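Here are the chains, one letter per residue:
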Amino acid sequence: MKKAIKDILEQDNLSRNEIIVLLESEGDDRTLLFKKSAEVKERYIGKKVWFRGLIEFSNICGKDCLYCGIRKGNKNLERYNLTDDEILSAANFAYTNRYGSIALQSGEVESRFVTDRIENLLRGIKELSNGELGVTLSVGEQEPETYKKWYDAGAHRYLLRVESTNPALYSKIHPDDSKHSFKRRLDCLKSLQEIGYQTGTGVMIGLPFQTIDDLAGDLLFMKEFNIDMCGMGPYIEHVSTPLIVHSENLLPLKERFDLTLKMIAIIRIMMKDINIVAATALQAIDPMGREKAVMIGANILMPNITPGKYRDSYKLYDNKPCADDSAEDCQSCLEARVSLADAEVIYGEWGDSKHYSSRQEKSLE
Ligand code: 5AD
Ligand code: FES
């Protein structure tokens, strides 16, 4: 006999089949899922939300992921690279506005120049904030020595989405060459974790060829890998990318949105004390998308503090919201949104993943 949702939600360890039942839940069952994930969040995290001021410092990318608007092969895009001064002044904005942390994100470039530049920037950011600003990096696959250098310079969290944990699907959404190897993505995640970063990953939801079974596998992977942070968002097609040819076979946007909320709710239930981002892509589909994610499990928001004139050029997908806003606009808009979600922004704290600290304690026992 099939287990009732209510019984599945009482369990600590979910099987693949149970995850699939939750992902397919509708009506009252879906409501029960969201109620449970909201309770778990309240009990383990509280009604709190932490900011990571997002600086998209360059859209120059050496890779060619088939879904991504800033891929190297997209020639319809003006490339930019913030100056060090612009990056430091955005970090200073975050610091003076008492954001606990910033996140530095860019396209993926592996070079001696980039390694040294980021190392210097990290030291500069620590200096201007008396070591108080937390820094998350999200600059893709790099050599372990590079990750270590940046860790030693003050970065303590790293986000590297795996995008899909099914190798067959991964190879359908990436070019078939050594630059886009699934194995390397996993090796990078492993080395980040070994170096000591709070390690975050995530997937896109509603990709062409993706099945519910793939998504269940993604959640099991995150649990098994013991991630500290999770960032997942709906896949949103971009006209200047090769994957656009598969648009006809996609789930409607609203269903991709709903599946993303379910994925967030389920990972909150499976990994109670991790940090979960309410991804900006949610808002590209539903104006209240990020608030809905906060209500059912997310506890991290990333206000964009990239200088306004560059924002239009960091279009990973079409319809990316907030392209015309300033950093100040993003802050007050998000604050209002958080209070709508019956939560509170915590200023002046890093808001580290509790999962990470308990992982560290366990390894000392
Ligand atoms: N739709 C949604 N998310 C996307 N990303 C890249 N392209 C898209 C898209 N078309 C996400 C990827 C990447 C992150 C920076 O942005 O998951 O890891
Ligand atoms: Fe830049 Fe994928 S296109 S990392």
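Keep in mind that what you see is a predicted model, and the values were worked out from it rather than measured. Residues take numbers from 1 onward in each chain, read along the sequence in its written order. All chains are assigned letters beginning at A, and all ligands numbers beginning at 1, according to the order in which they are written. In view of the model being predicted, local features appear only for residues whose pLDDT reaches at least 70, and side-chain atom pairs are presented and counted only at 80 or more, with totals across whole chains, interfaces and linings using the full set of residues. As a rule here, side-chain values cover all heavy atoms of the structure and leave hydrogens and water aside.

Peer 1: Where do I start with the side chain of threonine 165 in this structure?
Peer 2: Relative to the helices and strands, threonine 165 is located in the loop between β4 (157-159) and α7 (167-172). Residues adjacent in sequence count toward polar contacts only when both atoms are side-chain atoms; beyond that, a polar contact is any pair of N or O atoms within 3.5 Å, and within protein one must be able to donate a hydrogen and the other to accept it. Within the structure, threonine 165 has its side chain in polar contact with the side chain of aspartate 218 (distance 2.5 Å). Residue contacts are counted whenever heavy atoms from the two residues lie within 4.5 Å of one another. Among all residues touching threonine 165, those that are not within four sequence positions of it are Phe182, Gly217, Asp218 and Phe221. Helix and strand assignments come from DSSP, with helices taken as H or I runs of at least 4 residues and strands as E runs of at least 2, each series counted from the N terminus.

Peer 1: Sorry, what's going on with the pattern of salt bridges here?
Peer 2: Two side chains bearing opposite charge may form a pair once their charged atoms approach each other closely. The salt bridge definition used is simple: a Lys or Arg side-chain nitrogen within 4 Å of an Asp or Glu carboxyl oxygen. Applying the stated rule across the entire model yields 27 salt bridges. For aspartate 116, the salt bridge is made with arginine 112, and the minimal N-O distance between the two is 3.2 Å. Note that aspartate 116 and arginine 112 are positioned in helix α5 (residues 112-128) at a spacing of four residues, about one turn of the helix. A salt bridge links lysine 183 to aspartate 187; the nearest nitrogen and oxygen atoms lie 2.7 Å apart. Of this pair, lysine 183 and aspartate 187 both sit in helix α8 (residues 182-195), four residues apart, which is roughly one turn of the helix. Burial status follows relative accessibility: with a 1.4 Å probe on protein chains alone, a residue under 20% of its type maximum counts as buried, one over 50% as exposed, and anything between as partly exposed. The exposed category is assigned to lysine 183, whose relative accessible area is 57%. Within the structure, one salt-bridge network assembled from shared partners comprises Lys63, Glu108, Glu110, Glu141, Glu143, Glu163, Arg184 and Arg185.

Peer 1: Help me understand the pairing of strand β8 (residues 275-278), please; the structure alone is not making it clear to me.
Peer 2: Every regular strand shows the same layout, with side chains that alternate between the two sheet faces. A two-sided burial pattern is seen for β8, the buried positions comprising Asn275 and Val277 on one face and Ile276 and Ala278 on the other. Only when DSSP finds a minimum of two bridges between them are two strands counted as paired. When strand β7 (residues 229-234) meets β8, the two strands line up parallel, connected through four bridges. Directly across from methionine 232, in β8, lies its bridge partner alanine 278. The handedness of a crossover follows from its direction of travel: if, with the strands pointing away from the viewer, the path from the first strand over the helix to the second runs clockwise, the crossover is right-handed. Chirality of the crossover, the property in question, places the unit of β7, helix α10 (residues 253-270) and β8 among those that are right-handed.

Peer 1: Before we go on, may I ask you to explain the site of ligand 1 in this structure?
Peer 2: When at least one non-hydrogen atom of a residue lies within 4 Å of a molecule or strand, that residue is treated as near it. Looking at ligand 1, the residues that line it are Tyr67, Cys68, Arg161, Glu163, Met204, Pro234, Tyr235, Ile236, Leu316 and Tyr317. One of the side-chain N or O atoms of arginine 161 is found 2.8 Å from an oxygen atom in ligand 1. Surface accessibility follows the Shrake-Rupley procedure with a 1.4 Å probe radius. Residue values consider only the protein chains on display as shielding. Compared with its free state, where it exposes 400 Å², ligand 1 has 87% of that area covered by protein. When grouped by side-chain class, the residues that make up the shell around ligand 1 number eight nonpolar, no polar and two charged. All residues other than Ala, Val, Leu, Ile, Met, Phe, Trp, Tyr, Cys, Pro, Asp, Glu, Lys and Arg, Gly among them, are scored as polar; the first ten of these are nonpolar and the last four charged.

Peer 1: Help me understand the packing of aromatic side chains, please; the structure alone is not making it clear to me.
Peer 2: In this description, a pair of aromatic rings is defined by centroid distance and the angle of the planes. Pairing of aromatic rings covers Phe, Tyr and the six-membered ring of Trp, with a centre-to-centre limit of 6.5 Å; geometry is then stacked below 30 degrees between planes, edge-to-face above 60, and tilted otherwise. Counted by the stated rule, this structure contains ten aromatic pairs. With a centroid separation of 5.6 Å and 15° between ring planes, the pair formed by phenylalanine 221 and phenylalanine 225 is classed as stacked. You can see phenylalanine 221 and its partner phenylalanine 225 sitting in helix α9 (residues 212-225), four residues apart, about one turn around the helix. Both residues of the pair, phenylalanine 221 and phenylalanine 225, belong to the buried class. What links up through ring pairs into an aromatic cluster is the set Phe51, Phe93, Tyr99 and Tyr347. Two limits define a charge over a ring: the Lys NZ or Arg CZ must be within 6 Å of the ring centre, and within 35 degrees of the ring normal. Between lysine 172 and the ring centre of phenylalanine 209, over which it is positioned, the NZ or CZ distance is 5.1 Å.

Peer 1: Please explain the nonpolar core as it appears in this structure.
Peer 2: For soluble globular proteins, the rule of thumb is that nonpolar side chains tend to be buried together. Formed by 101 residues in total, the largest nonpolar core has its most connected members in Ile102 and Met232. A total of ten residues in this core trace back to one element, the largest contributor, which is α10. One finds Trp50, Leu54, Ile300 and Ile346 within the second-largest nonpolar core, a separate group that totals ten residues. To form a nonpolar core, buried Ala, Val, Leu, Ile, Met, Phe, Trp, Tyr and Cys residues must be joined to one another through side-chain atoms within 4.5 Å.

Peer 1: Looking at this model, I keep getting lost on unusual backbone geometry. Mind explaining?
Peer 2: Note: most peptide bonds trans; most residues except glycine with negative phi. In this model, glutamate 163 sits at a positive phi of 75°, which is unusual for a non-glycine residue. Along the chain, glutamate 163 falls in the loop between β4 and α7. Residue glutamate 163 is classed as buried on the basis of its relative accessible area of 11%. The backbone of aspartate 342 shows a phi angle near 60°, a positive value even though the residue is not glycine.

Peer 1: Quick question: what am I supposed to make of α5 here?
Peer 2: Note that an α-helix has 3.6 residues per turn; residues three or four places apart therefore point the same way. Between its terminal C-alpha atoms α5 stretches 24 Å, which fits the 24 Å expected from 17 residues at 1.5 Å a residue. The inward-facing, buried residues of α5 abut β1 (48-58), α4 (84-96), β2 (101-106), β3 (134-138) and α6 (144-152). Asparagine 130 lies just past α5 and shows a positive phi near 50°. One fewer than the residue count of a helix, multiplied by 1.5 Å, yields its expected span.

Peer 1: In this structure, what is going on with the environment of aspartate 312? I would like to understand it.
Peer 2: Note on placement: aspartate 312 falls in the loop between α13 (308-311) and α14 (327-340). On the accessibility criterion, aspartate 312 (45% relative accessible area) is partly exposed. A C-alpha to C-alpha distance of 7.6 Å links aspartate 312 and aspartate 324, two positions twelve residues apart in sequence. Side-chain polar atoms of aspartate 312 contact the side chain of lysine 315, separated by 3.0 Å.

Peer 1: So what exactly am I meant to see when it comes to the environment of isoleucine 70 here?
Peer 2: Considering the arrangement of structural elements, one finds isoleucine 70 in the loop between β1 and α4. Assessed through its relative accessible area of 3%, isoleucine 70 is described here as buried. For the pair isoleucine 70 and isoleucine 60, spaced ten residues apart in sequence, the C-alpha to C-alpha distance is 7.3 Å. Beyond its immediate stretch of four places on either side in the chain, isoleucine 70 contacts Asn59, Cys61, Leu77, Arg79, Gly107, Ser313, Tyr314, Lys315 and Leu316.

Peer 1: Where do I start with the pairing of β3 in this structure?
Peer 2: For β3, the tally of buried residues reaches five of five residues, placing the bulk of the element in the interior. The side-chain alternation of β3 yields two buried faces, one formed by Gly134, Thr136 and Ser138 and the other by Val135 and Leu137. In terms of strand pairing, β2 meets β3 through five bridges, oriented parallel. Pairing of leucine 104 across the sheet is with leucine 137, part of β3. Since β2 and β3 lie parallel, the crossover through α5 that links them has a hand, and here it is right-handed. Bridge count between β3 and β4: two bridges; the pairing is parallel. Bridge assignment links threonine 136 to a residue of β4, and that residue is arginine 157. Once you follow β3 into α6 and on to β4, the crossover reads as right-handed.

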